[in-house]
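Fold and geometry: a report
Given next are the chains, with one letter for each unit.
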Amino acid sequence: AFPQQVRLVEVGPRDGLQNEPTPIDTATKLALIDRLGAAGLTHIEAASFVSPKWVPQMADHREVMQGLTRRNGVTYSALTPNFKGLEAALECGVDEVAVFSAASEAFSQKNINCSVAESLERFAPVLERAREANVRVRGYVSCVLGCPYEGEIAPAKVAEVAKALYEMGCYEVSLGDTIGVGTPLKAKRMLEAVARDVPMAKLAAHFHDTYGQALANLYAVLEEGVAVIDSSVAGLGGCPYAKGASGNVASEEVVYLLDGLGIQSGIDLDALAATGTWITQTIGRPNRSKVGVALASR
Ligand code: HMG
Ligand code: MG
């Protein structure tokens, strides 16, 4: 059955901008984050405390995290691949952090320069320190529906990594179709495998739209009861370590779908769409949200 309510995790300022050929200035990022909060997003992934050599687009993580204007009821989170990243994020007053692993060994090596098992070992002290600081930790599993290097990924492998993240203390595990290759039945089967080990209420869907399937895949997992969806305004983004990967499903598309299904999200679609129009014009990108384009041309 469909959930009555869905929480959107807006990843545009992080996933959406981490792959830009030229870094976006901090003021634009801060304005984006503020507009997203004004549109009703309650969870915004604002920055990424990764190595600036690996992802120069996120090098201003401190300025972003310290510069944002906090709104009541909004969680501002950041990626932290290791203890160093966590320490920096905590210094900047982060509300929540996220660690990220993968269901593919090859992707793990390319993305974070270590094996899946090593990544989990690396996360243990991150979770321990975050718990002391009263900061919640989200976990990501990448390549849940396919890998750019390994191809097909077994649902059992996704379940194994998701379970490990959940058991080490991640309050929620986000399942990433990093390269957007999934289709609805595959998404359903993968989710069913994971939900045997991690409660459905603790799972989120993080689908990229490379092959145009993200919304169909979301419909499939909503039917299974997933109630947290990651998305990116205007469909911004891509992953620097997954060539050809395009952005996340557009937040506007998700809200339009949820509105049509009568599922509450608390988001003002017009304000969100106006934000998508504004950010794409500001950074000189096409608006990849069909809903955003349609609403802008009314
Ligand atoms: P490494 O080179 O193995 O790490 O990288 P290291 O510990 O040997 O450190 C190397 C250098 O990086 C050192 O600096 C460190 O100080 C520095 P140097 O001595 O050479 O001057 N360093 C850091 N600097 C700032 N912040 C840090 C940090 N850690 C080390 N936290 C590392 C390992 C994990 C750091 C690197 O591989 C990395 O930063 N990877 C990030 C890759 C990334 O951001 N990918 C995109 C995000 S994941 C994603 O998009 C998928 C997702 O959306 C879900 C989905 O769609 O599937 C989440
Ligand atoms: Mg992603």
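Everything here concerns the structure above.
First things first, this report covers the structure right here in the doc.

1. Let's talk about a nonpolar patch on the surface
- A grouping of F2, Y219 and L261 is seen on the molecular surface, where their side chains present a nonpolar patch of about 230 Å² in accessible area.
- Overall, the relative accessible area of 32% leaves F2 in the partly exposed class.

2. Section: the environment of R288
- Positionally, R288 belongs in the loop between α11 (269–283) and α12 (290–296).
- Each C-alpha atom of the pair R288 and S246 lies 9.8 Å from the other, and the pair is 42 residues apart in sequence.
- Setting aside chain neighbours within four positions, we find R288 in contact with A234, G235, L236, G237, G247 and E253.
- Engagement of the side chain of R288 in a polar contact is seen with the backbone oxygen of G235, the distance being 3.1 Å.

3. Considering the site of ligand 1
- Taken together, 27 residues form the shell around ligand 1, and within it K53, N111, N113, S142 and T178 come nearest.
- Between ligand 1 and V50 there is a distance of 3.3 Å, counted from a nitrogen atom to a backbone nitrogen or oxygen.
- Relative to its unbound accessible surface of 1,100 Å², ligand 1 loses 75% to contact with the protein.
- Elements with a minimum of two residues in the shell around ligand 1: α1 (12–16), α4 (83–91), α5 (105–112) and β5 (136–142).

4. Brief notes about the coordination of the magnesium ion (ligand 2)
- D15 (OD), H206 (NE2) and H208 (NE2) make up the full set of protein donors to the magnesium ion (ligand 2), lying at 2.0 to 2.3 Å.
- Every donor residue of the magnesium ion (ligand 2) comes from the same chain, spaced as D-x190-H-x1-H. Each member of the pair, H206 together with H208, is buried.

5. Considerations on the packing of aromatic side chains
- Tallied over the entire structure, the rule returns two aromatic pairs.
- Both rings, one in F2 and one in Y219, keep their centres 5.4 Å apart while their planes meet at 65 degrees; by these two values the pair is edge-to-face. In this pair, F2 sits in the segment before β1 (7–10) while Y219 sits in helix α9 (residues 214–224), placing the two residues 217 residues apart along the sequence.
- Note on Y219: relative accessible area 35%, which makes it partly exposed.
- Across the ring face of Y140, the terminal group of R14 is positioned such that the distance to the ring centre comes to 5.8 Å.
- Across the ring face of Y149, the terminal group of K110 is positioned such that the distance to the ring centre comes to 5.2 Å.

Analysis parameters
Residues numbered from 1 in each chain as written. Chains lettered and ligands numbered in written order. Predicted model: local features only at pLDDT ≥ 70, side-chain atom pairs only at ≥ 80, totals over all residues. Heavy atoms only, no water. Patch = residues over 30% accessible without salt bridge, like charges linked within 9 Å, V, L, I, M, F, W, Y side chains within 5 Å. Areas by Shrake-Rupley, 256 points an atom, 1.4 Å probe, with all protein chains shown as cover. Salt bridge = Lys/Arg side-chain N within 4 Å of Asp/Glu carboxyl O. Buried < 20%, exposed > 50% of the residue type's maximum accessible area, 1.4 Å probe, protein only. Helix = DSSP H or I, 4+ residues; strand = E, 2+ residues; numbered from the N terminus. Contact = heavy atoms within 4.5 Å. Polar contact = N/O pair within 3.5 Å; in protein donor to acceptor, adjacent residues only side chain to side chain. Near = heavy atom within 4 Å. Donors = N, O, S within 2.8 Å, 3.2 Å for Na, K, Ca; no water. Phe/Tyr/Trp six-rings, centres within 6.5 Å; stacked < 30°, edge-to-face > 60°. Lys NZ or Arg CZ within 6 Å of the ring centre and 35° of its normal.

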